[in-house]
Amino acid sequence: TPHSFDLQVCLCYLILLSISLVASTYGPQQRAQKTGDILLGGLFPIHFGVASKDQDLAARPESTECVRYNFRGFRWLQAMIFAIEEINNSSNLLPNITLGYRIFDTCNTVSKALEATLSFVAQNKIDSLNLDEFCNCTGNIPSTIAVVGASGSGVSTSVANLLSLFYIPQISYASSSRLLSNKNQFKSFMRTIPSDEYQATAMADIIEYFQWNWVIAIASDDEYGRPGIEKFENEMLERDICIHLNELISQYFDEADVKGLADRIENSTSKIIVVFASGPDIEPLVKEMVRRNITDRIWLASEAWAISSLIAKPEYLDVMGGTIGFALRAGHILGYREFLQQVHPKTSPHNEFVREFWEETFNCYLEDSPRNKVSENGSTNFRPLCTGEEDITSVETPYLDFTHLRISYNIYVAVYAIAHALQDILTCTPGKGLFANNSCADIRRVEAWQVLKQLRHLNFTNSMGERVSFDDGNELSGNYTIINWHRSPEDGSVVFKEVGYHNMLGKKAQLVIDKSKILWNGYLTEVPFSNCSEDCEPGTRKGIIESMPTCCFECTECSDGEYSDHKDASVCTKCPNNSWSNGNHTSCFLKEIEFLSWTEPFGIALAFLAVLGIFLTAFVMGVFVRFRNTPIVKAANRELSYLLLFSLICCFSSSLIFIGEPQDWTCRMRQPAFGVSFVLCISCILVKTNRVLLVFEAKIPTSVHRKWWGLNLQFLLVFLFTFVQVMISVVWLYNAPPSSCENHDIDEIIFITCNEGSMMALGFLIGYTCLLAAVCFFFAFKSRKLPENFTEAKFITFSMLIFFIVWISFVPAYFSTYGKFVSAVEVIAILASSFSLLACIFFNKVYILLLKPSRNTIEEVRCSTAAHAFKVAAKATLRHSSASRKRSSSVGASSGSSPSSSISLKNNDNESDSPASQRRGQRPRVSFGSGTVTLSLSFEEARKNSMSL
């Protein structure tokens with residue numbers, strides 16, 4: 001109807017009017033704008049901040065004024081315009097398609113950035129109303145299909161939250177915060193700069209490389225500084241490096257806050273300051289440090305301010321000289337230099353920022369400029385009028401510093417990424433597209449979400465031959481150039497000297513630094529010291545100081561047996577078992593191995609005594625064999641004497657097993673050999689002594705005595721006594737065999753000794769020997785008054801006393817000594833006991849046999865036997881007479897005196913003269929008053945029995 005037609009026309013007119021207003025007037029008034037078929041948005045920090053002004057709301061609030069012109073920011077803006085014009089002039093990329101742009105100044109603040117972002121999303125919101133059914137009103141005013149920016153991570157975070165609502169793709173060229181890697185939160189955000197995840201690791205690697213462990217960490221109080229320094233703290237913790245101060249900074253800090261931070265830095269003992277912040281945020285602190293002239297600090301700069309023109313000023317170099325910074329890898333843009341030099345207010349009608357740039361560069365004002373009279377701080381500032389003939393190349397500003405194109409190249413790549421995504425849409429083949437039913441988007445009516453979809457599948461090669469893609473989870477590799485701030489010798493300006501690089505190869509980092517190129521504090525070549533404590537020299541370790549960080553420590557000398565061979569050792573390393581630490585505890589040396597050696601003087605002396613004992617014993621045995629048929633040898637029980645001498649040879653020989661390096665077989669052999677040898681020796685002495693004692697105490701020796709105390713029984717007893725010791729040894733060797741072992745009780749010496757296996761078994765072995773010796777001592781003491789020709793009772797008693805003294809002393813000596821001296825003590829005990837037995841029992845007889853042969857006769861033996869018999873008979877008569885007197889007195893005998901008794905020793909002359917008497921030998925008779933007892937010792941029988949006594 002006519003009425004409805006008029007309504008449509010009216011509505012369409014209103015919409016066109018609103019859209020034209022949005023397109024032309026909404027957003028900040030200062031902008032760079034050029035129309036085209038497809039519109040790209042741009043956000044750049046043309047100013048470093050905004051003027052702080054209190055709004056009392058007494059009148060309508062005014063827009064906040066941006067202050068402090070950023071020449072680098074304007075150069076970045078020019079990079080976007082250059083890339084767009086280059087694409088528009090290209091016949092291969094987006095032919096017949098013209099790209100336009102709308103670029104705003106963020107003033108490095110969130111509020112200004114959001115104000116500009118709203119102008120981007122407003123047109124997209126109107127397009128989403130789908131008003132085509134009423135009128136074709138959107139054909140001439142395209143919506144923004146992608147945004148390049150912003151620079152700061154904090155600004156980009158806020159912008160990304162808004163653009164993600166409308167799925168408008170955003171490609172940042174300088175926002176490196178690791179929080180922006182969260183694709184779930186920032187669905188449409190992409191970037192052409194590496195994440196701070198890699199930069200924090202690179203900073204930690206440099207600190208570790210120069211062996212610093214005491215640093216100051218400062219971060220901007222925004223989404224760039226806080227996540228970056230948090231990652232840096234984690235890296236420090238993994239490397240056991242301490243952060244003394246952890247502070248936040250902002251360009252909006254009060255003067256008191258900045259001075260307080262400077263005070264804490266000045267009072268800190270740390271010399272390294274790590275800063276995760278942008279140039280405007282760190283500038284107030286740097287100014288305060290320069291004012292105080294604090295020149296003994298080394299600054300470690302993140303890429304956000306490593307080459308910032310705000311900080312890299314000649315007047316700051318006394319404090320900031322020697323700064324180590326991270327810079328992005330530079331790229332090359334062909335023709336970009338000439339484009340920058342062609343800038344002029346008259347030739348740039350679409351770029352309103354050129355007018356301010358021209359005024360700030362030449363310190364003049366253009367006609368109709370609002371900045372001709374009032375300066376940024378509100379004071380009157382009259383500038384001369386710009387002529388328009390100024391030469392841009394005659395003035396040195398950061399704008400023309402294109403020696404290292406880093407951020408500018410990132411912007412260039414971002415624009416080309418959008419262009420390649422549009423090219424893929426333009427060349428899409430129906431049925432092979434990315435959209436529903438494999439359809440393709442219409443390049444003339446392309447929407448932001450379609451560009452976002454295409455960007456996520458983008459994969460192209462940039463001008464440097466690098467692959468660029470924005471798929472999920474894909475981040476650019478963290479490759480950084482490491483720079484060092486030098487002072488130019490020509491004009492004193494700041495020179496960024498490349499001194500190394502840090503590359504991420506997968507999950508591994510590669511750090512390369514040329515120390516010879518670094519100037520610390522601007523002129524020093526020695527690496528500064530920044531540790532909480534002095535380095536601990538080799539031979540010491542780091543000791544914990546209570547209530548202090550782990551990086552603060554005291555140097556403690558390593559304990560004996562431990563060493564450290566490098567500086568700042570956390571723990572001392574224990575030397576191997578066969579080694580010991582030297583005096584400085586810097587290394588270990590092999591311990592000296594000791595045992596009772598054949599070659600050392602002590603071992604030689606003991607071996608000599610043992611061999612001497614063997615030869616002396618063999619000599620005595622030879623003498624006994626030579627004089628085996630003489631009365632002295634026969635009276636000493638010849639066969640048992642031979643066995644006794646053999647056992648002594650075994651005793652002396654067993655001591656030799658204790659000398660030399662202990663082996664398992666020697667350890668198992670030496671104690672049983674010693675024990676069996678001594679038991680055999682003492683058993684012979686015991687049997688011989690006891691037999692004589694029993695014979696002499698028997699009033700009438702009968703054939704029974706002679707039968708039971710013959711040689712067979714004597715050897716049987718010796719065998720039984722020895723067999724017990726053999727069984728003790730067998731049980732010992734079976735259950736707990738001794739073995740050689742190393743004794744490390746002494747620090748610098750390894751004693752090779754024998755582990756006896758069972759000290760109880762050794763106790764039984766020695767205890768049994770001592771028990772036999774005690775019995776032997778008892779019988780020897782009891783028979784000490786028998787004829788000396790038959791027994792050496794006094795000498796045996798003395799030898800047993802020596803034996804007990806030696807072995808009683810041996811027990812405490814054995815358990816109180818160590819190492820080779822344990823074996824030496826036992827050898828000495830064996831030799832002392834053996835020599836005492838040999839000397840006491842045999843030397844007297846050898847003396848008679850060799851030097852006093854006159855005493856080696858039958859008559860001598862008879863005489864001593866008769867004398868002993870007379871003494872025994874006399875004692876018996878006295879006891880008998882005393883008993884008779886007692887009986888007489890008890891029965892009241894009439895006589896006043898007891899009968900006289902006479903003791904007479906008579907020899908039967910007849911028997912003596914008779915041949916039979918001569919064959920049987922003389923039989924002394926002892927008379928006891930009324931009777932006579934004949935004590936008979938038959939030497940004939942003794943001859944037959946080889947003088948078994």
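Keep in mind that what you see is a predicted model, and the values were worked out from it rather than measured. (Residues numbered from 1 in each chain as written. Predicted model: local features only at pLDDT ≥ 70, side-chain atom pairs only at ≥ 80, totals over all residues. Heavy atoms only, no water.)

Asks: Describe in detail the overall build of the protein chain, supporting the description with residues and values.
Replies: Within the protein chain, the secondary structure is distributed over 26 helices and 30 strands. In the protein chain, which comprises 949 residues, the proportion classed as buried is 49%. Nonlocal contacts in the protein chain, meaning residues at least 24 apart in sequence, comprise 70% of its contacts between residues at least 6 apart. Surface accessibility of the protein chain: about 45900 Å² in total, with carbon and sulfur atoms responsible for 55%. (Helix = DSSP H or I, 4+ residues; strand = E, 2+ residues; numbered from the N terminus. Buried < 20%, exposed > 50% of the residue type's maximum accessible area, 1.4 Å probe, protein only. Contact = heavy atoms within 4.5 Å. Areas by Shrake-Rupley, 256 points an atom, 1.4 Å probe, with all protein chains shown as cover.)

Asks: Describe a negative patch on the surface, with residues and values.
Replies: A surface patch of negative charge is lined by Glu396, Asp401, Glu490 and Asp491. Here Asp491 is to be found in the loop between strand E16 (480-487) and strand E17 (494-505). (Patch = residues over 30% accessible without salt bridge, like charges linked within 9 Å, V, L, I, M, F, W, Y side chains within 5 Å. Salt bridge = Lys/Arg side-chain N within 4 Å of Asp/Glu carboxyl O. Lys, Arg positive; Asp, Glu negative; His and termini not counted. Charge placed at Lys NZ, Arg CZ, Asp CG, Glu CD.)

Asks: Give a detailed account of the sheet that holds strand E13 (residues 324-328), specifying residues and quantitative values.
Replies: One open sheet accounts for 8 strands, arranged E10-E9-E11-E12-E13-E16-E17-E18; its pairing is mixed. Where the open sheet ends on each side, the last strands, each with one partner, are strand E10 (242-249) and strand E18 (508-513). In this sheet, neighbouring strand axes are inclined to one another by 25° on average, regardless of whether the strands run parallel or antiparallel. Of the strands in this sheet, strand E9 (214-220), strand E11 (272-276), strand E12 (298-301), E13, E16, E17 and E18 touch helix H5 (residues 196-209), which is tilted by about 175° from E11. (Pairing = 2+ DSSP bridges. Axes fitted to C-alpha atoms, helices over the stretch in contact; angles between N-to-C directions.)

Asks: How would you explain the state of the cysteines if you had to name every residue and give the values?
Replies: Formally, a disulfide is one covalent bond, and it connects the sulfur atom of one cysteine to the sulfur atom of another. Inspection of every chain in the model, using the stated rule, returns 9 disulfides. Between the sulfur atoms of Cys364 and its disulfide mate Cys386 the distance is 1.7 Å. Classification of the bridge connecting Cys364 and Cys386 rests on its S-S torsion, roughly 100°, and on that basis the disulfide is right-handed. Of this pair, Cys364 sits in the loop between helix H11 (353-362) and helix H12 (407-426) while Cys386 sits in the loop between H11 and H12; the two residues are 22 residues apart in sequence, bridging distant segments of the chain. Considered together, Cys364 and Cys386 belong to a single accessibility category, that of buried residues. The residue that forms a disulfide with Cys575 is Cys588, at a sulfur-sulfur distance of 1.8 Å. Judged by the sign of its S-S torsion, about -75°, the bond between Cys575 and Cys588 is left-handed. Separated by 13 residues along the polypeptide, Cys575 in the loop between strand E22 (573-574) and strand E23 (579-581) and Cys588 in strand E24 (residues 588-590) bring together distant segments of the chain. You can call Cys588 partly exposed: its relative accessible area is 28%. Of the cysteine sulfurs around Cys651, a residue in no disulfide, the closest is that of Cys681, at 5.1 Å. (Disulfide = S-S within 2.5 Å.)

Asks: How would you sum up the pattern of salt bridges? Please name residues and give values.
Replies: Under the definition given, this model contains 25 salt bridges. Of the charged contacts in the structure, one is a salt bridge between Arg239 and Glu235, with a shortest N-O distance of 2.5 Å. Within this structure, Arg178, Glu197, Asp205, Glu208, Glu230, Lys231, Glu235 and Arg239 form a network of salt bridges that share partners.

Asks: Requested: an account of the UniProt feature "transmembrane region" (unreviewed entry) in the protein chain, with residues and values cited.
Replies: When the UniProt feature table is mapped to this numbering, "transmembrane region" (unreviewed entry) covers residues 602-627, 639-660, 672-694, 715-734, 761-781, 793-815 and 821-843. This span, residues 602-627, is 96% helix and 0% strand, and a straight line between its end C-alpha atoms measures 37 Å. Across residues 761-781, helical content stands at 100% and strand content at 0%; the span's end C-alpha atoms are separated by 30 Å. (UniProt positions renumbered as here; feature names shortened; annotations may be inferred.)

Asks: Can you lay out the side chain of Glu283 for me, pointing to particular residues and giving the numbers?
Replies: Position of Glu283 relative to the elements: it lies in helix H8 (residues 279-292). One polar contact links Glu283 to Arg68, side chain to side chain, over a distance of 2.4 Å. Apart from residues lying up to four places away in sequence, Glu283 is in contact with Arg68, Leu310, Ile311, Lys313 and Tyr316. (Polar contact = N/O pair within 3.5 Å; in protein donor to acceptor, adjacent residues only side chain to side chain.)

Asks: Can you explain the pairing of strand E6 (residues 144-148)? Please cite residues and give values.
Replies: With 5 of 5 residues buried, E6 lies mostly within the body of the structure. With 4 bridges joining them, strand E2 (residues 38-44) and E6 adopt parallel strand pairing. Following the sheet pairing, Leu40 is matched in E6 by Ala146. As judged from the 2 bridges shared by E6 and strand E7 (residues 170-172), these two strands associate in the parallel manner. Bridge assignment links Val147 to a residue of E7, and that residue is Gln170.

Asks: Quick rundown of unusual backbone geometry? Include the residues and the values.
Replies: For the peptide bond that leads from Gly149 to Ala150, omega is 0°, which places it in the cis range. Inspection of the secondary structure assignment puts Ala150 in the loop between E6 and helix H4 (153-165). Despite not being glycine, Arg68 shows a phi value in the positive range, around 60°. Checked against the element boundaries, Arg68 lands in strand E4 (residues 66-69). Even without being glycine, Gln211 reaches a positive phi, approximately 60°. As for its placement among the helices and strands, Gln211 is situated in the loop between H5 and E9.

Asks: A description of the packing of helix H2 (residues 71-88) against H11 should follow, citing residues and the corresponding values.
Replies: Between H2 and H11, the least distance of the axes is 11 Å, while the angle of their chain directions is 145°. Here the hand of the crossing between H2 and H11 comes out left-handed. On H11, the residues touching Phe71, Phe74 and Leu77 of H2 are Phe353, Val354, Phe357, Glu360 and Thr361. Considering only residue class, the contact of H2 with H11 consists of 6 nonpolar, 1 polar and 1 charged. (Left-handed = near helix turned anticlockwise from the far one by under 90°. Nonpolar A, V, L, I, M, F, W, Y, C, P; charged D, E, K, R; others polar.)

Asks: A description of the sheet that holds E7 should follow, citing residues and the corresponding values.
Replies: Taken in spatial order, the 6 strands line up as E1-E5-E2-E6-E7-E8 in an open sheet, and their pairing is mixed. Each edge of the sheet is formed by a strand with only one pairing partner; in this case those strands are strand E1 (31-34) and strand E8 (189-191). The mean angle between the axes of side-by-side strands here comes to 20°, regardless of whether they run parallel or antiparallel. Sheet topology places E7 next to E8; 3 bridges connect them, and they run parallel. By the bridge assignment, Gln170 is partnered in E8 with Phe189. Strand contacts of H2: E1, E2, strand E5 (99-105) and E6, with the helix running at about 175° to E5, the strand carrying the most contacts. Where H4 meets the sheet, its contacts fall on E2, E6, E7 and E8, and the angle it forms with E7 comes to roughly 165°.

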